[in-house]
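For reference, the chains in residue letters:
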Amino acid sequence: MALALYLLAVFHRSSLAVAGLLAVDRFHISAAQLAAFTMLQLLVYAAMQVPVGLLVDRFGPRRVLLTGALLLGVSQGAFAFATSYPAALLARTGVGIGDAMTFICVLRLLATWFPVRRIPLFTQLTGTVGQLGTMLAAAPMTLALGALGWSRAYGATALIGLVLTALGFVVLRDAPERRATRGDRMAWGAVRSSLAASWGHPGTRLGFWMHFTTQFSATTLGLLWGYPFLVRGEGRSAGEAGVLLTLMVLAMVVAGPVLGQLVALHPWHRSSMVLVIVLTLVALWTAVLAWPGDAPLWLLVLMLLACGVGGPASVIGFDVGRTSNPATRLASSTGIINMGGFTASLLLVVAIGLVLDWRTPGGGSDYTPGAFRWAMSLQYFLWGLGLLQIWRYRLRARRVIDRAALQAGVAA
Ligand SMILES: N[C@@H](Cc1c[nH]cn1)C(=O)NCC(=O)O
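Residues numbered from 1 in each chain as written. Predicted model: local features only at pLDDT ≥ 70, side-chain atom pairs only at ≥ 80, totals over all residues. Heavy atoms only, no water.

Here is the rule we go by: UniProt positions are given in the numbering used here, feature names are shortened, and annotations may be inferred rather than shown by experiment.
Going by what an unreviewed UniProt entry lists, the chain is known as Lysosomal dipeptide transporter MFSD1 and is assigned to Nocardioides acrostichi. What UniProt records for the chain under Function (unreviewed entry) is the sentence "Lysosomal dipeptide uniporter that selectively exports lysine, arginine or histidine-containing dipeptides with a net positive charge from the lysosome lumen into the cytosol. Could play a role in a specific type of protein O-glycosylation indirectly regulating macrophages migration and tissue invasion. Also essential for liver homeostasis." What UniProt records for the chain under Sequence similarities (unreviewed entry) is the sentence "Belongs to the major facilitator superfamily."

Next up, the structure:
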């Protein structure tokens with residue numbers, strides 16, 4: 001049930017990607033105003049992670065997940081009938097908040113319902129199922145928008161969400177023996193020290209930087225800049241761009257379970273796996289950006305597959321957080337880690353827009369391949385910072401983590 005609610009959250013999150021042109025007409029907005037929807041959603045999502053984590057530790061995942069699902073349904077309903085840009089922005093903010101309340105709860109439920117050894121794989125499978133929401137938000141949503149129109153298509157998705165929320169209210173339980181759980185009430189001082197203890201553990205910081213470094217390429221391409229980059233920056237047709245972006249999602253779906261198994265078998269080498277994946281990503285992006293003229297299709301395929309693998313690689317960060325924190329701080333440490341990738345993605349989405357405007361002669365959105373080369377090269381700053389921090393905190397985490405206990409599946 002929780003997984004279905006997460007799939008739906010990812011669907012709602014991604015459901016604007018194919019409706020950009022319709023949104024421009026409906027709300028009479030510019031491309032920059034359209035991009036503001038994505039930025040706002042990422043901003044709200046990232047900003048809500050720590051508060052949501054604290055709420056889950058205090059009120060239990062069931063209550064928070066159902067509140068988030070209700071908010072998502074209502075906000076998506078409001079988006080369906082919004083006719084002005086401010087109303088639509090407000091509705092998307094609600095979608096961002098509801099979305100932010102979902103994934104952390106699902107991971108918290110996994111930690112209670114399943115044996116420790118199965119958690120790495122099930123965490124990855126959760127991410128994988130979520131990605132199917134991105135796929136549903138592509139072709140099926142395009143068809144629904146064409147056949148039903150804006151209000152009915154978004155209205156129908158809101159209704160499905162509200163029905164699932166009602167079902168969740170009936171069947172969701174925090175633990176096999178308890179319908180709902182609660183953590184201890186915490187005064188502000190205790191909240192601060194719990195967060196400080198989480199952040200103070202090098203494992204949480206390692207998880208944060210792993211998440212930060214691995215997922216921004218895929219998120220940025222998937223949510224906003226992938227299509228324009230492939231069409232205007234690399235000379236691909238609209239159809240080819242669609243197939244390439246779908247391949248990226250397929251790579252996430254396939255790589256998730258594989259990485260989940262690897263992490264379960266070799267938890268000590270989690271940061272090595274992430275380092276290899278990020279270095280591969282950097283190498284393939286470098287080949288694409290340095291290629292004279294348009295990069296060949298095979299190279300773009302490899303690059304997008306690697307970006308896709310970055311999605312599940314970011315989930316390894318949650319596993320490091322899980323084994324570095326006690327159960328009472330699990331959700332808040334997950335929130336801290338989850339901020340990493342979404343903050344990096346937000347910075348990149350905004351910075352790419354600014355650089356494209358700066359490098360495009362005469363303004364407008366007729367971006368050139370050269371402008372995209374500059375803009376996409378911004379990723380090197382994020383990779384550089386991320387790799388440095390992963391290396392630093394890997395050394396520190398390895399000093400305090402008991403390798404034998406980790407291998408035996410004994411969490412913090
Ligand atoms: N990186 C994602 C999860 C993922 C798994 N496979 C591809 N992506 C993540 O951090 N998810 C959090 C969320 O709310 O979706």
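That was the structure; now back to the text.
**Comments concerning the site of the ligand**
Where we set the bar: Proximity is defined per residue: any heavy atom of the residue falling within 4 Å of a molecule or strand makes that residue near it. Nitrogen and oxygen atoms within 3.5 Å of one another constitute a polar contact, given that in protein one can donate a hydrogen and the other can accept it, and given that sequence-neighbouring residues count only through two side-chain atoms. Surface accessibility in these figures is a Shrake-Rupley result with a 1.4 Å probe; residues are shielded only by whichever protein chains are displayed. Helix and strand definitions here come from DSSP, where helices need a minimum of 4 consecutive H or I residues and strands a minimum of 2 consecutive E residues; each element is numbered from the N-terminal end. Residue type decides the class: Asp, Glu, Lys and Arg count as charged, Ala, Val, Leu, Ile, Met, Phe, Trp, Tyr, Cys and Pro as nonpolar, and the leftover types, Gly among them, as polar.
Near the ligand there are 16 residues, and of these Y6, Y45, H211, Q215 and S314 occur at the shortest range. Y45 is positioned with one of its side-chain polar atoms (N or O) 2.3 Å from an oxygen atom of the ligand. Computed on the free molecule, the ligand has an accessible area of 380 Å², of which 97% lies beneath the protein chains in the complex. Those elements giving two or more residues to the shell around the ligand turn out to be α1 (2-14), α7 (119-136), α11 (202-233), α14 (297-324) and α15 (330-359). A breakdown of the residues in the shell around the ligand according to their chemical character gives eight nonpolar, seven polar and one charged.

**Concerning the side chain of T213**
Inclusion rule: Throughout, a contact is declared for two residues whenever any of their heavy atoms are within 4.5 Å.
Along the chain, T213 falls in helix α11. A polar side-chain atom of T213 sits 2.5 Å from the main-chain carbonyl oxygen of W209. Those residues in contact with T213 that sit more than four places away from it in its chain are V278, W383, G386, L387 and I390.

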